[in-house]
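One letter stands for each residue in the lines below.
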Amino acid sequence: MPTNKANRSSVVLLLIGFIVLFIAIVQTTDPLPQDNAYHQFADKRPWLSLPNFFDIISNLPFAGIGVAGLILCLKDNPRLIIVSWSVFFTGLTLVCIGSSYYHWQPNNATLFWDRLPMTISFMALLAALLTENVWPRREQLLLPCALLLGLSSVVYWRVSHDLRFYAFVQFGTLLAIPLVVMVGKKRYTHRHYLLYGLLFYILAKLFELNDREIFRLTGQSLSGHTLKHLAAAAATYCVYRMLKQRSALV
């Protein structure tokens, strides 16, 4: 069984590796602008005076899970719930607002408000897992640093119109999360829910990439992007279930 020191050294090496990889990517690739075709979603049907109704309404589960998670954080044993989890669920609630605003009128300006709360949730999740699995008494440093890194990537994209920093932070976080859980010390039960959540998120990305094909295959009843929202919400629900059911290991 690796010692705590060995666990921390492994995570530090992983983080250094990510930094080196990012520098290599920046040095060997051109700036990546946001493709305007991204805003052309398959399902544009309005209903109840809402444009793009299904892509808007499918954001509601994020708000429900976010509120449920915040209630759990407020009432649960403080030994099991740290501040980063509250920030994670707050971000989810804001995702509902930001993504709905974006889908009301999809463009780069509104996309900024979609990506901002998503990044808050991503980085709070990473900070929570680093705190619980690697550095139990460093949340006051880890959470602000993670949030600053994530928010900077979104602001950098908006100012420079270059997606590389944002894409690296998002996908690097997705890769880092299972690695942190694997090398970190097991402190709580029900960590398998994180694997379920990761699988749902991968499914969400597949739905997103096949937006029009899914809309056609379903007889124009559901688009891939609408299903992407639902699958991504299912991923966050897995995190909620993990926190609700887990207990501390002796």
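In case you missed it, the structure is sitting above this.
For clarity, every value in this text was computed on a predicted model and none was experimentally measured. (Residues numbered from 1 in each chain as written. Predicted model: local features only at pLDDT ≥ 70, side-chain atom pairs only at ≥ 80, totals over all residues. Heavy atoms only, no water.)

A. How the structure looks around the overall build of the protein chain. When helices and strands are counted, the protein chain shows 10 helices and 0 strands. Its helices and strands in sequence order give the protein chain the pattern α-α-α-α-α-α-α-α-α-α, from N to C terminus. Its C-alpha atoms give the protein chain a radius of gyration of 19 Å, within 12% of the compact-globule value 18 Å for 250 residues. Along the first, second and third principal axes, the C-alpha atoms of the protein chain reach 55 × 45 × 30 Å. Relative to its full complement of 250 residues, the protein chain shows a buried share of 47%. Residue pairs at least 24 apart in sequence account for 77% of intrachain contacts in the protein chain once pairs closer than 6 positions are excluded. Just so you have it, the protein chain exposes about 13,000 Å², and 69% of that area is on carbon and sulfur atoms. (Helix = DSSP H or I, 4+ residues; strand = E, 2+ residues; numbered from the N terminus. Rg over C-alpha atoms; globule rule 2.2 N^0.38 Å. Buried < 20%, exposed > 50% of the residue type's maximum accessible area, 1.4 Å probe, protein only. Contact = heavy atoms within 4.5 Å. Areas by Shrake-Rupley, 256 points an atom, 1.4 Å probe, with all protein chains shown as cover.)

B. Broad picture of the packing of helix α5 (residues 108-133) against helix α7 (residues 164-183). The contact between α5 and α7 brings their axes to 10 Å, and the two run at 25 degrees. In terms of orientation, α5 lies roughly parallel with respect to α7. Seen along the crossing, α5 lies across α7 with a hand that is left-handed. Residue-level inspection shows R115, M118, T119, F122, M123, L125, L126, L129, L130 and N133 of α5 in contact with α7, the latter providing Y166, V169, Q170, T173, L174, A176, I177, V180 and V181. (Axes fitted to C-alpha atoms, helices over the stretch in contact; angles between N-to-C directions. Parallel < 35°, antiparallel > 145°, perpendicular 65-115°, else oblique. Left-handed = near helix turned anticlockwise from the far one by under 90°.)

C. Geometry of helix α10 (residues 224-245). Its 22 residues place the ends of α10 31 Å apart at the C-alpha level, agreeing with the 32 Å of an ideal helix rising 1.5 Å per residue. α10 sits mainly inside the fold: 16 of its 22 residues count as buried. (Expected span 1.5 Å × (residues − 1).)

D. Examining the packing of aromatic side chains more closely. One pass over the structure, following the stated rule, counts 12 aromatic pairs. Relative to F41, the ring of Y38 lies with its centre 5.8 Å away and its plane at 75 degrees, an arrangement referred to as edge-to-face. By relative accessible area, Y38 is classed as partly exposed at 26%. A relative accessible area of 7% means that F41 is categorised as buried. Aromatic pair F89 and Y240: ring centres 6.5 Å apart, planes at 85 degrees, arrangement edge-to-face. Of this pair, F89 sits in helix α4 (residues 83-104) while Y240 sits in helix α10, and the two are 151 residues apart along the sequence. Every member of this aromatic cluster is reached through a ring pair, and the members are W85, F88, F89, Y237 and Y240. Over the ring of Y38 we find R115; its NZ or CZ atom is 5.9 Å from the centre of that ring. (Phe/Tyr/Trp six-rings, centres within 6.5 Å; stacked < 30°, edge-to-face > 60°. Lys NZ or Arg CZ within 6 Å of the ring centre and 35° of its normal.)

E. The nonpolar core, seen in detail. Among the nonpolar cores identified, the biggest contains 52 residues, and W85, F88, F89, L129 and L243 are the most heavily contacted of them. Top element by residues in this core is α5. It accounts for 10 residues. Those residues in contact with L129 that sit more than four places away from it in its chain are W85, V134, I177, V180, V181 and L194. If you look at the next biggest cluster of nonpolar residues, it comprises 9 residues, including F41, L116, L163 and Y166. (Core = buried A, V, L, I, M, F, W, Y, C linked by side-chain atoms within 4.5 Å.)

F. Quick look at the pattern of salt bridges. Enumeration according to the criterion identifies 5 salt bridges in this entry. As a salt-bridge pair, E208 and K205 come within 2.8 Å of each other at their nearest N and O atoms. On the criterion of helical spacing, the pair formed by E208 and K205 is a turn pair, its members being 3 residues apart in helix α8 (residues 192-209). By the burial criterion, E208 is buried, and K205 matches it. Between K228 and E208 there is a salt bridge whose closest N-O contact spans 3.5 Å. Placement of the pair is K228 in helix α10 and E208 in helix α8, with a sequence separation of 20 residues. Per residue, the accessibility class of K228 equals that of E208, and both read buried. Linked by salt bridges that have partners in common, K205, E208 and K228 make up one network. (Salt bridge = Lys/Arg side-chain N within 4 Å of Asp/Glu carboxyl O.)

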